Structure formats: C-alpha cells, structure tokens
Amino acid sequence: MEKVITKFRSTGLVANAKRNRVKTIYSPENIQRVEGTMLRSPRKLTRLSSQLHINRTSCQDMLKQLHIQAFKVGVMQTLKLTDYAKRHYCNWLLTLVADAYLDPNL
C-alpha cells in the first residue's frame, strides 16, 4: 500500500505508466517475409508461423496490418431448378421491403 501512496504523491496517478517498447518482431524484413509467404500459399497460416519462427498471433497481426486474410477454399454445390425459384421469391420479397409495402420488423 505504501508503494501506491508514494506513486500517487510523485506522479499524481495510481495506474502504472505505459511502456513504450518497440516490438522487434514487427521489423520490415519480417513483414516482407510474412507477406511473401502468404502470397505464395494463402491457406497455410498455422504453418506460416512455424516456418518463419514467428508467433502465430504476431503473424496474424502482420497479416491484418497488410490487409491480407488467410482463406480456405470451400466446395460449392451446383444450383438446382428449385433454387432459381427461391431466388426469384427472395428478390421479390426484398423489393417489397425496399418499396415500403412490407414492414421488415414483422
């Protein structure tokens, strides 16, 4: 408790001071390595961190900074004849809501 009181008397605050340390992992070289590897194989985020010996969350932060997202290709199904009718109904319903003929909060 004495430490808190002395800290308050000296700084006027009770909270700890923010530390402004530079994160060395976010060097331009590492960012270029992450970007190059992701552009070659965008599906391998977990392997990316182990290949480059960089923490997984640091890799994710770098990718977010670069506006690159890891993705997984999914298998799509073919459209059937009944799907076209459903799509037509959905578009019709959306135009009713847009033209204020139908209250969307029903």
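Given the structure is predicted, the values throughout are model-derived calculations rather than measurements.

Moving on to the packing of aromatic side chains. Each aromatic ring pair is specified by the distance between its two centres and by the angle formed by the two planes. Overall, the coordinates contain one aromatic pair when judged by the stated rule. Ring geometry for Tyr 89 against Trp 92: centres 5.7 Å apart, planes inclined by 40°, an arrangement best described as tilted. Here Tyr 89 pairs with Trp 92, and both are found in helix α5 (residues 81-98), just three residues apart, close to one helical turn.

Among soluble globular proteins, nonpolar side chains are generally buried collectively. Counting 10 residues, the largest nonpolar core consists of Ile 31, Val 34, Met 38, Leu 48, Leu 52, Ile 54, Cys 59, Met 62, Leu 63 and Ile 68. Elements supplying a minimum of two residues to this core: α2 (28-40), α3 (45-52) and α4 (56-66). If near-sequence neighbours (up to four positions away) are discounted, Val 34 is found in contact with Leu 48, Leu 52, Ile 54, Cys 59, Met 62 and Leu 63.

Along the chain, the position of His 88 falls in helix α5. For His 88, a relative accessible area of 60% corresponds to the exposed category. His 88 sits 56 residues away from Gln 32 along the chain, and the two C-alpha atoms are 47 Å apart.

Cut-offs used in this document
Residues numbered from 1 in each chain as written. Predicted model: local features only at pLDDT ≥ 70, side-chain atom pairs only at ≥ 80, totals over all residues. Heavy atoms only, no water. Phe/Tyr/Trp six-rings, centres within 6.5 Å; stacked < 30°, edge-to-face > 60°. Helix = DSSP H or I, 4+ residues; strand = E, 2+ residues; numbered from the N terminus. Core = buried A, V, L, I, M, F, W, Y, C linked by side-chain atoms within 4.5 Å. Buried < 20%, exposed > 50% of the residue type's maximum accessible area, 1.4 Å probe, protein only. Contact = heavy atoms within 4.5 Å.

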